[in-house]
Amino acid sequence: MNGDLETVFDVTLTVNGVEHSESVEARRHLADFLREDLGLTGTHIGCEHGVCGACTVRMEGEIVRACLTLTVQCDGKRIETIEGLSDSGEIADLQEAFRTRNALQCGYCTPGMLIAASALMAVEPMPSREEIRDHISGNYCRCTGYQAIVDAVETTLRARAEAAR
Ligand code: FES
Ligand code: FES
């Protein structure tokens, strides 16, 4: 407790609908907190510098980089991780499309990619392939070449549009 980055703060945040009250160091970022303190290892860490998007989560409904978000900044906030989205069934169709369109290989980027894509899909019922590509451009994938990911997002949106008719 020396007033620097090792200072500990009490924070209360809601993760996937469950409230957690913890004491955390000022410098502890959200990705480490989710993975190590809560065991939510679906939030991946790639670069830890805000570049790759592997750590993408939702905070108050907006996508954020968990490696750039300090846990103390999440006090009183609502966080959703890939585990929460998956359990809710909200992106079940998109997950299935990723499987059927071969939009994942090693899968390391996939949780962040799904969360990033779902944010676009929530506001754009039928974006162009270029818009999909542009939206996910902050999420790096070393395996797929992106075409199959765009295919999966496009396929899912088409199916949703059909179902809504
Ligand atoms: Fe957070 Fe790469 S680990 S953006
Ligand atoms: Fe391997 Fe995207 S599937 S990094």
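Just above, that's the structure.
Fair warning: this is a prediction, and the values are worked out from it, not measured in the lab.

## Some words on the overall build of the protein chain
The secondary structure content of the protein chain amounts to six helices and five strands. Listed by position from the N terminus, the elements making up the protein chain come as β-β-α-β-β-β-α-α-α-α-α. Relative to its length of 165 residues, the protein chain is compact, with a C-alpha radius of gyration of 17 Å against a globular reference of 15 Å. Counting only C-alpha atoms and orienting by the principal axes, one finds that the protein chain spans roughly 55 × 30 × 25 Å.

## Overview of the sheet that holds strand β1 (residues 8-15)
With respect to topology, five strands assemble into an open sheet ordered β2-β1-β5-β3-β4, the strand pairing being mixed. This sheet does not close on itself; its edge strands, each paired only once, are β2 (18-25) and β4 (62-65). On average, adjacent strands in this sheet sit at an angle of 40° to one another, irrespective of strand direction. Relative to β2, β1 runs antiparallel, the two being bridged by eight bridges. Directly across from Leu13, in β2, lies its bridge partner His20. Sheet contacts for helix α4 (residues 110-123): β3 (56-59) and β4; angle to β3, the most-contacted strand, approximately 45°.

## Some words on the pattern of salt bridges
Enumeration according to the criterion identifies 13 salt bridges in this entry. Between Asp93 and Arg160 there is a salt bridge whose closest N-O contact spans 2.7 Å. Note that Asp93 is positioned in helix α3 (residues 92-100) and Arg160 in helix α6 (residues 147-164), a separation of 67 residues in sequence. What makes Asp93 partly exposed here is its relative accessible area of 33%. Judged by its relative accessible area of 32%, Arg160 falls in the partly exposed class. Here Asp151 makes a salt bridge to Arg101, at a shortest N to O gap of 3.6 Å. Taken together, the residues Asp151 in helix α6 and Arg101 in the loop between α3 and α4 connect sequence positions 50 residues apart. Several salt bridges share partner residues, and in doing so they unite Arg101, Arg129, Asp151, Glu154 and Arg158 into one network.

## Structural notes on the nonpolar core
Membership of the largest hydrophobic core comes to 24 residues, with the highest contact counts inside it found for Leu94, Phe98, Met113, Ile149 and Val153. Listed by contribution, the elements that provide at least two residues to this core are α2 (82-88), α3, α4 and α6.

Cut-off values and rules
Residues numbered from 1 in each chain as written. Chains lettered and ligands numbered in written order. Predicted model: local features only at pLDDT ≥ 70, side-chain atom pairs only at ≥ 80, totals over all residues. Heavy atoms only, no water. Helix = DSSP H or I, 4+ residues; strand = E, 2+ residues; numbered from the N terminus. Rg over C-alpha atoms; globule rule 2.2 N^0.38 Å. Pairing = 2+ DSSP bridges. Axes fitted to C-alpha atoms, helices over the stretch in contact; angles between N-to-C directions. Contact = heavy atoms within 4.5 Å. Salt bridge = Lys/Arg side-chain N within 4 Å of Asp/Glu carboxyl O. Buried < 20%, exposed > 50% of the residue type's maximum accessible area, 1.4 Å probe, protein only. Core = buried A, V, L, I, M, F, W, Y, C linked by side-chain atoms within 4.5 Å.

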